[in-house]
Amino acid sequence: ALIAARIDGLPPSEKALLHRAAVIGRIFWHGAIAHVAPDLDVDALVDDLLLRDFLLAEPRSTIIGERAYRFKHMLIREVAYAGLSKGDRAGLHQRFAEWLKERTGDELLEIRAYHLDHAAELEKELQGAVPADLAAEAAGALEQAGRRALAREANVAARRLLVRAAELEETLERRYLAASAAWRLTDIPTVSTEMAAIYDAAREEADTRIEGRAMIALAKVALYRDADTD
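Thresholds applied
- Residues numbered from 1 in each chain as written.
- Predicted model: local features only at pLDDT ≥ 70, side-chain atom pairs only at ≥ 80, totals over all residues.
- Heavy atoms only, no water.
- Helix = DSSP H or I, 4+ residues; strand = E, 2+ residues; numbered from the N terminus.
- Contact = heavy atoms within 4.5 Å.
- Axes fitted to C-alpha atoms, helices over the stretch in contact; angles between N-to-C directions.
- Parallel < 35°, antiparallel > 145°, perpendicular 65-115°, else oblique.
- Left-handed = near helix turned anticlockwise from the far one by under 90°.
- Nonpolar A, V, L, I, M, F, W, Y, C, P; charged D, E, K, R; others polar.
- Salt bridge = Lys/Arg side-chain N within 4 Å of Asp/Glu carboxyl O.

Asks: Even after reading the chapter, I still don't get the side chain of Asp117, so can you show me in this structure?
Replies: Inspection of the secondary structure puts Asp117 in helix 7 (residues 109–127). When residues no more than four places from it in sequence are discounted, the contact partners of Asp117 are Ala138, Leu142, Arg164 and Leu168.

Asks: Help me out: how do you make sense of the packing of helix 9 (residues 155–168) against helix 10 (residues 172–184) in this one?
Replies: Geometrically, a packed helix pair is captured by the angle between its two axes and the distance between the axes. The interhelical angle for the contact between helix 9 and helix 10, taken along N-to-C directions, is 155°, at an axis separation of 8 Å. With respect to each other, helix 9 and helix 10 are oriented roughly antiparallel. Judged by the twist between their axes, the crossing of helix 9 over helix 10 is left-handed. Seen from helix 9, the contacting residues are Asn155, Ala158, Arg159, Leu162, Val163, Ala165 and Ala166; seen from helix 10, they are Arg174, Arg175, Leu177, Ala178, Ala179, Ala181, Ala182 and Arg184. For the contact of helix 9 with helix 10, the residue count by class is ten nonpolar, one polar and four charged.

Asks: I'm lost on the pattern of salt bridges in this one. Help?
Replies: In a structure, side chains of opposite charge can pair up when their charged atoms sit close to one another. According to the stated counting rule, one finds 21 salt bridges in the structure shown. The residue Arg174 makes a salt bridge to Glu169 at a minimum N-O spacing of 3.0 Å. A single salt-bridge network, built from bridges that share partners, covers Glu143, Arg147, Glu169, Glu173, Arg174, Arg209 and Arg213.

That's the geometry; what it means functionally is another story.
What follows is the structure in structure tokens.
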């Protein structure tokens with residue numbers, strides 16, 4: 001309540017910058033806040049917020065050439081974020097993801113996937129469904145992040161990312177990858193159920209590549225669970 005009162009007492013432009021920076025995270029970058037707040041004088045406002053003890057300058061930045069700042073306390077960021085409507089949050093998450101893609105390519109892919117997914121969740125809460133273009137973009141980023149997680153054997157993260165990608169925009173490939181992550185976690189009941197459904201769907205769609213891969217996975221399940229070589 002004290003933090004909310006302090007934020008409410010700020011001039012409107014400084015309050016707006018805090019709100020938009022909160023969408024990015026506890027740490028944010030000058031270029032990012034300029035992108036999501038093109039109507040604000042970012043330099044002057046950040047300087048004022050540094051003096052008012054809401055923000056701190058980060059000595060190092062994870063993005064070369066970008067000045068980084070952080071909220072002095074996580075609670076300041078949380079209260080500032082709570083001051084935004086869901087609609088504003090969704091739009092700002094998308095704008096930040098757009099900046100990340102333009103500025104860093106796939107270097108910070110996981111962060112971009114997180115923000116797109118968050119925007120999709122908010123849009124679903126507001127509209128009852130995720131807009132098709134947002135669903136496709138978020139699912140694509142989540143799938144790439146899931147593949148990266150599989151490659152580095154971060155299997156719990158991979159399973160979560162790939163399941164979410166398939167929820168947003170279902171494809172046989174994404175369903176297969178999500179089931180493969182379950183195999184890495186030795187979740188045999190899940191693999192057995194999901195791969196059988198993928199196999200049936202692949203046969204219906206005449207997708208022989210996925211059909212064959214699902215068949216191999218089911219054979220592995222039979223060996224692992226039943227020791228049934230035949």
